[in-house]
Amino acid sequence: MRQVAVWLVTVCLTLTACSSAQSAAPLVTELSIIAPGFTLKTLDGKPLSLADYRGKWVLVNFWATWCVPCVQEMPFLQQTVTAHADRLVVLGVNMREDDVTIRNFAEQHHITYPLLVHPDDQISLDYAIRGLPVTAVVAPDGTLFRRIVGVLTPEVIQSVLSS
């Protein structure tokens, strides 16, 4: 059963990735549920858990180097985390690319926030990832506050920071 679910997620990502996010305004869904926990490895091989950032706002950004809208929003994500490092963290969860590709991309685009390797599709299932980019906004208390499908905008981030 799990293999079927993983296969379905993979097919959905392949068919819908980046298609709806390229020209439309982001779709913002307000939520108030406990954020699914996860522990993934960084590019350095160190484990990183969502729970490590309790007490801060966390933007869990699902992305890939081949996703044009993902690439478009990454400089903005970097600027946001630099400007608000005291209360906000960005975690970039890469979708099924190899470490070398991710590392080269991060160096070329001067990305300094943690980029996580996504070894299986459980997180995709937990966060209902059907296309890219998607950003889950986790509140300091660990609740999944918002789910944003599409490219992040300054207005969306400002509304999160003012909450």
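For the structure, see preceding data.
Residues numbered from 1 in each chain as written. Predicted model: local features only at pLDDT ≥ 70, side-chain atom pairs only at ≥ 80, totals over all residues. Heavy atoms only, no water.

**Student:** I keep staring at the environment of H109 and nothing clicks. Help me out?
**Tutor:** By secondary structure assignment, the location of H109 is in helix α3 (residues 99-109). For the pair H109 and Q78, spaced 31 residues apart in the sequence, the C-alpha separation amounts to 9.4 Å. (Helix = DSSP H or I, 4+ residues; strand = E, 2+ residues; numbered from the N terminus.)

**Student:** Got a minute to help me understand the pattern of salt bridges in this structure?
**Tutor:** Charged atoms that come close allow side chains of opposite charge to pair. Counted by the stated rule, this structure contains one salt bridge. Two residues, R96 and D121, come together in a salt bridge whose shortest N-O distance is 2.9 Å. Taken together, the positions of R96 in the loop between β5 (88-94) and α3 and D121 in the loop between β6 (115-117) and α4 (122-126) put the pair 25 residues apart, joining distant regions of the chain. Here R96 falls in the partly exposed class, since its relative accessible area comes to 49%. You can call D121 buried: its relative accessible area is 0%. (Salt bridge = Lys/Arg side-chain N within 4 Å of Asp/Glu carboxyl O. Buried < 20%, exposed > 50% of the residue type's maximum accessible area, 1.4 Å probe, protein only.)

**Student:** Is there a simple way to explain the pairing of strand β2 (residues 39-42) in this structure?
**Tutor:** Pairing geometry for β2 and strand β3 (residues 47-49), over three bridges, is antiparallel. Bridging across to β3, T39 finds its partner in S49. Counting the residues between successive antiparallel strands, the hairpin from β2 to β3 contains four residues, one of them, G45, with a positive phi of roughly 85°. Relative to β6, β2 runs antiparallel, the two being bridged by two bridges. Looking at the pairing, K41 lines up with V117 of β6. (Pairing = 2+ DSSP bridges.)

**Student:** I'm lost on unusual backbone geometry in this one. Help?
**Tutor:** Comment: phi is negative for the bulk of residues other than glycine, and the bulk of peptide bonds are trans. Between L132 and the following residue, P133, the backbone shows a cis peptide bond with an omega angle of -5°. Here P133 shows up in the loop between α4 and β7 (134-138). For A128, which is not glycine, the phi torsion reads 55° and is therefore positive.

**Student:** What exactly am I supposed to notice about helix α2 (residues 68-83) here?
**Tutor:** Quick reminder: α-helices carry 3.6 residues per turn. Residues three or four places apart thus point the same way. With 16 residues, α2 ought to run about 22 Å at 1.5 Å a step, and its terminal C-alpha atoms sit 24 Å apart, in line with that. Every buried residue of α2 is accounted for by P69, C70, E73, M74, F76, L77, Q78, T80 and V81. Buried residues in α2 make contact with β4 (57-63), β5, α3, β6, β7 and α5 (154-161). (Expected span 1.5 Å × (residues − 1). Contact = heavy atoms within 4.5 Å.)

Geometry only, nothing functional implied.
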